[in-house]
Amino acid sequence: MNSSILNQSHCPEVVVPNPVFFTIGAVSFAENFLVVVAVIRNRNLHLPMYCFICSLAAFHAIASLTKTLENLMIVFADVGHLNKKGSSETTLDDAIDSLLCMSFLGSFFSILAIAVDRYITIFHALRYHNIMTMQRTGAILGIIWTVCGGLGVLMILFFDFKLIMICFVILFFISLVIICSLYVYMFMLARIHARKIAALPVGGRNNHHQQRWGSNMRGAQTVTILFGTLVVCWSPFFFHLVIIMVCPMNPYCECYRSLFQLHVALLTSHALFDPAIYAFRIAELRHTLRKMLLCSDWKLCS
């Protein structure tokens, strides 16, 4: 039996219903839009870390909106209202795919920027405000958005070339290694620092310093949770790309590829989890979101 027959008989394609994608898209867009508005409206959140979080939420919101639009196009095409191979439909589909690629790359680089910011906060606390100025933060965000936008367009224009897919996968794994190395180094130094504090006599300990250290480490733990969520949500999709390149005709690989829609659903659900992590882990942002949702008059509640 050839691979296609085996795939049809033993590994039928798993289809995720469109309402599932619509629900994920609507809820994740609402959550991330609220995070963006919260950071913009609350001046206490006008700090580098929250700017990077706002950027991450904006990328998530774009991904949710464009994925919902793509699903709408699929629904209209299935009922005959759109021509799947029409020139305008193809152009719109390419634009949507470019925005999705931009959003996925932007999410990754935003988390990397948050991780670097946390590292500087913890281990270069006295120089932090000189290193991470708002001007530099704006420049970093500008670079992230420009580079991700350009890469998103290039990846769709040349995705038929195997080299582009290989570069996409390699970029993902290199970024994983960089972030993992940064976290390992960060928490090794944090453990050494915690031991030094514990070795000090009780009278020699600075309670304010300890509280600040604990707050910074909690921020680092939040970023670690964000990174872990990203790995769980993204890994099946990138493994799918690896399988396309390594064993496109193998029957067992075909069985894994039949789960493609599940992988896409898991990938898009990443935008659903991150805002919940912010709201649960970051007190200032949680307080702002609560005021936005529960208070009708923002000025009176401020």
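Under an unreviewed UniProt entry, the protein chain has the name Melanocortin 2 receptor and belongs to Haplochromis burtoni. In its Sequence similarities (unreviewed entry) section, the UniProt entry covering the protein chain states "Belongs to the G-protein coupled receptor 1 family." Recorded in UniProt for the protein chain, the comment headed Subcellular location (unreviewed entry) runs: "Cell membrane".

J.: Please explain empty space enclosed by the protein as it appears in this structure.
T.: Rolling a probe over the atoms, with the probe sized like a water molecule, indicates the empty space that remains. For the structure shown, the criterion picks out two cavities of 30 Å³ or more. Taken as a whole, the largest cavity holds about 110 Å³ of empty space. Around the largest cavity sit 18 residues that line it, and Ala 63, Ser 64, Phe 104, Thr 268 and Ala 271 are the ones nearest its centre. Considering each element in turn, the lining of the largest cavity owes the most residues, six residues, to helix α3 (residues 48-78).

J.: What is the right way to read a nonpolar patch on the surface from this model?
T.: Taken together, the side chains of Leu 69, Leu 72, Phe 76, Val 79 and Leu 92 present a nonpolar region at the surface, about 410 Å² in accessible area. A residue is classified by how much of its surface remains accessible, and Leu 69, at 37% relative accessible area, is partly exposed.

J.: Please clarify how the confidence of the model for the protein chain should be interpreted in this entry.
T.: Fine structural detail should not be taken from predicted coordinates in areas where pLDDT scores are low. Summary statistics for the protein chain give a mean pLDDT of 80 and a share of 83% for residues scoring 70 or more. In this model, residues 1-9 is a region of pLDDT below 50 whose contacts with residues beyond four sequence positions or in other chains number ten contacts.

J.: How do you make sense of the UniProt feature "transmembrane region" (unreviewed entry) in the protein chain when you look at a structure like this?
T.: Those places that UniProt annotates as "transmembrane region" (unreviewed entry) correspond, in this numbering, to residues 20-40, 47-66, 95-116, 137-157, 163-186, 222-246 and 258-280. Secondary structure content for residues 137-157 is 100% helix and 0% strand, and the end C-alpha separation is 30 Å.

Conventions used here
- Residues numbered from 1 in each chain as written.
- Predicted model: local features only at pLDDT ≥ 70, side-chain atom pairs only at ≥ 80, totals over all residues.
- Heavy atoms only, no water.
- UniProt positions renumbered as here; feature names shortened; annotations may be inferred.
- 1 Å grid on protein atoms, 1.4 Å probe; cavity = no way out; pocket = protein on both sides within 12 Å on 5 of 7 lines; lining within 4 Å.
- Points joined across faces, edges and corners; volume = space filled by probe spheres on them.
- Helix = DSSP H or I, 4+ residues; strand = E, 2+ residues; numbered from the N terminus.
- Patch = residues over 30% accessible without salt bridge, like charges linked within 9 Å, V, L, I, M, F, W, Y side chains within 5 Å.
- Areas by Shrake-Rupley, 256 points an atom, 1.4 Å probe, with all protein chains shown as cover.
- Salt bridge = Lys/Arg side-chain N within 4 Å of Asp/Glu carboxyl O.
- Buried < 20%, exposed > 50% of the residue type's maximum accessible area, 1.4 Å probe, protein only.
- pLDDT = per-residue confidence, 0-100.
- Contact = heavy atoms within 4.5 Å.

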